[in-house]
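Overview (structure and organization)
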Amino acid sequence: SSQIVSFSHQPHQPPSTPASKEVWKKGGRMFSILLAVHLALLACTLVSSGAFEKIAVHDYDVFFLLTVMMLIVIIWIIFYLAGTSRCPDAILCKDSHAGPIWLRGGLILFAIFSLVMDVFKIGYYSSFYSCLSAIKIIYPIVQAIFVVVQTYFLWISAKDCVHVHLNVTRCGLMLTLTTNLAVWMSAVTDESVHKAHSKLKKNVTEEIFRWLLKAGMRSSSAEECNCNSQICQIFKNGYFWLYPFNIEYSLFASAMVYVMWKNVGRFIDHHSHHIHHLKFRLFRRTFFVGIVLGLIILVSGLGVLILYEVQVNSSTESSKKSQALTMYYIFNIVCLGLMSLVCIGGSVIYRFDKRDMDRHKNPTRTLDVALLMGAALGQYAISYYSIVAIVASTPRDAISALNLTYALLMIAQHTFQNIFIIEGLHRQPPKEDHKHDSHQKDLYGLTFVNINAVSLRVPDSGSTLAPSTASGTEAIHPSDLVRSLTAPKKMNWRRKFLREISMFLLLSNIILWIMPAFGARPQFDNDTELNFYGDSMWPAIVDICLPFGIFYRMHAVASLLEVYI
């Protein structure tokens, strides 16, 4: 027994992480947070004030502030890439959890569409530059440069743990975060005002529309210029259709910058830091059930989206509108119901999962959980407002019943999906999931073993071998050794079911992101909420909360990829 035990793997103590040289870490963070808060409040004040014509703040004032902020961020990023990151001992370690490849890939995808939007903006404003302020053309040019520089910066530096120029780096990252949020607020406001104008133009004449603009609604300075050419209309409609991508880009970039800010001055314990590598194995070790069901939901959702857009936006008949709303609600009820059921099933499977919980410090995981919980609040708010309006309104029809079911299932689906994803985020990676106890884990330290020789040393009584007093290690039963070495390495049924569930949820979240992002928003087409809350309060609620719901879907996709795929 002493000979067998002597081959066992002897554990060693990992080296301790070096101590931080920073005197007061919280002080540096506090200063950068105060800077971000003041800039965010200033930007929010200008953006919200510029939304109304009676207030003497115009859209070009907002564009001027955003242009200055983006130029400062560009200068700081160049300083970081050329100076800070090249200093000796500037980046002693990297956070393997920060900036996974699918998150950076999504950022590049949204950046490409944002650049196309900026090109459309430049073309639109250039069509009548003689009656516009120069900042209207300068702003999309600077924004395009900002998107390119920031995307490159986040692609190569998202994992950095900086240890020089700490306070400057923190302030620069917080300025970058605030700038992205300010651009996001401006985009959401422009999109909501554009939709309000489009809805008014359908219902009133041109003279009444002009009068309403003068009465208090925000009118872009471009509204006062004539956009009669076909190419001008293409540019105008094109960049408004691409606004959702720019909104998602700003939110994705903000999340990645926040993780970088948390990692400033941080040391990583690599012995407790599990590294995830992207492996394209979506179609390996699966039964294809989740993929097939997800593709059916995705294709069906695209068909529902096309029919909804055609019947609601192109037809003036109320019967067509009712059919489109009914079709939309039925599809979403089926989709949300299935997603809720599979999330509950996944949570039940976790009860049989033997993997340990990962309790190590991880800013990326903390941010993922906070974003999932925070972004879900937007859809929660819309759903609860809809429930109150439907229950309190009379009379009730079939569409109201479908709307109520849709709102309730939306709350349930967000709740169950958050539980499922968050529990997966706190599990050890699959490669750490071994079905062996502490004795059997030591067996993997053996370089080679003659299994037949070990089997011959099993005592007739079947008793375990005596512990080795010299090494302090408990004895290992030879039969356990044989089973451990000869056990086939197969993916267990729990892992397969979790992967099927994740594939279905991933594809379903994609279509539930596409539908509202590209115009399928029954909140504006259903008269129940509009009549109950009014034409001013309800659109404001939806415009504020819906972008969070759209971002939630994309972040859920990223989290599912990180944990299960």
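What comes next is a walk through the structure. Owing to the predicted nature of the structure, the values given are computational and were not obtained by experimental measurement. (Residues numbered from 1 in each chain as written. Predicted model: local features only at pLDDT ≥ 70, side-chain atom pairs only at ≥ 80, totals over all residues. Heavy atoms only, no water.)

1. Re the pattern of salt bridges
Overall, the coordinates contain 2 salt bridges when judged by the stated rule. A salt bridge links Lys94 to Asp160, with the nearest nitrogen and oxygen atoms 2.5 Å apart. Of this pair, Lys94 sits in strand 1 (residues 91-94) while Asp160 sits in strand 2 (residues 160-162); the two residues are 66 residues apart in sequence, bridging distant segments of the chain. Its relative accessible area of 42% is what places Lys94 among the partly exposed residues. Assessed through its relative accessible area of 3%, Asp160 is described here as buried. The partner of Glu423 in a salt bridge is Arg351, with the nearest N and O atoms 2.4 Å apart. One end of the pair, Glu423, is in helix 13 (residues 398-425); the other, Arg351, is in the loop between helix 11 (318-350) and helix 12 (363-392), and 72 residues separate them in sequence. Take Glu423: its relative accessible area is 14%, and that puts it in the buried class. (Salt bridge = Lys/Arg side-chain N within 4 Å of Asp/Glu carboxyl O. Helix = DSSP H or I, 4+ residues; strand = E, 2+ residues; numbered from the N terminus. Buried < 20%, exposed > 50% of the residue type's maximum accessible area, 1.4 Å probe, protein only.)

2. Describing the packing of helix 11 against helix 13
A packed helix pair is summarised by two numbers, namely the angle formed by the two axes and the spacing between the axes. Contact geometry of helix 11 with helix 13 gives a least axis separation of 8 Å together with a crossing angle of 30°. Classified by the angle between their axes, helix 11 and helix 13 sit roughly parallel to one another. Helix 11 and helix 13 meet at a crossing whose hand is left-handed. (Axes fitted to C-alpha atoms, helices over the stretch in contact; angles between N-to-C directions. Parallel < 35°, antiparallel > 145°, perpendicular 65-115°, else oblique. Left-handed = near helix turned anticlockwise from the far one by under 90°.)

3. With respect to a nonpolar patch on the surface
Taken together, Ile330, Val334, Leu338, Leu341, Ile344, Val348, Phe352, Phe416, Ile419, Trp493 and Phe497 make up a surface patch of nonpolar side chains, about 990 Å² in accessible area. The set of elements that each furnish at least two residues to the nonpolar patch consists of helix 11, helix 13 and helix 17 (493-517). By residue number, the principal contributor to the nonpolar patch is helix 11, which donates 6 residues. One can find Phe416 in helix 13. On the accessibility criterion, Phe416 (31% relative accessible area) is partly exposed. (Patch = residues over 30% accessible without salt bridge, like charges linked within 9 Å, V, L, I, M, F, W, Y side chains within 5 Å. Areas by Shrake-Rupley, 256 points an atom, 1.4 Å probe, with all protein chains shown as cover.)

4. Considerations on the packing of aromatic side chains
Under the criterion given, the structure shown has 27 aromatic pairs. Between Phe113 and Phe245, the aromatic rings sit 4.1 Å apart at their centres with planes inclined by 15°, giving stacked as the arrangement. With a gap of 132 residues between them, Phe113 in helix 4 (residues 101-126) and Phe245 in helix 9 (residues 243-263) connect regions that are remote in the sequence. Plain terms: the ring middles of Phe245 and Trp513 are 6.0 Å apart, the flat faces sit at 75° to each other, and that makes the pair edge-to-face. You can see Phe245 sitting in helix 9 and its partner Trp513 sitting in helix 17, a full 268 residues away along the chain. Each member of the pair, Phe245 together with Trp513, is buried. Three or more aromatic residues link up through ring pairs in this structure, and these residues are Phe110, Phe113, Phe245, Phe252, Trp513 and Phe551. Sitting above the plane of the Trp261 ring, Arg29 keeps its charged end 5.4 Å from the centroid. (Phe/Tyr/Trp six-rings, centres within 6.5 Å; stacked < 30°, edge-to-face > 60°. Lys NZ or Arg CZ within 6 Å of the ring centre and 35° of its normal.)

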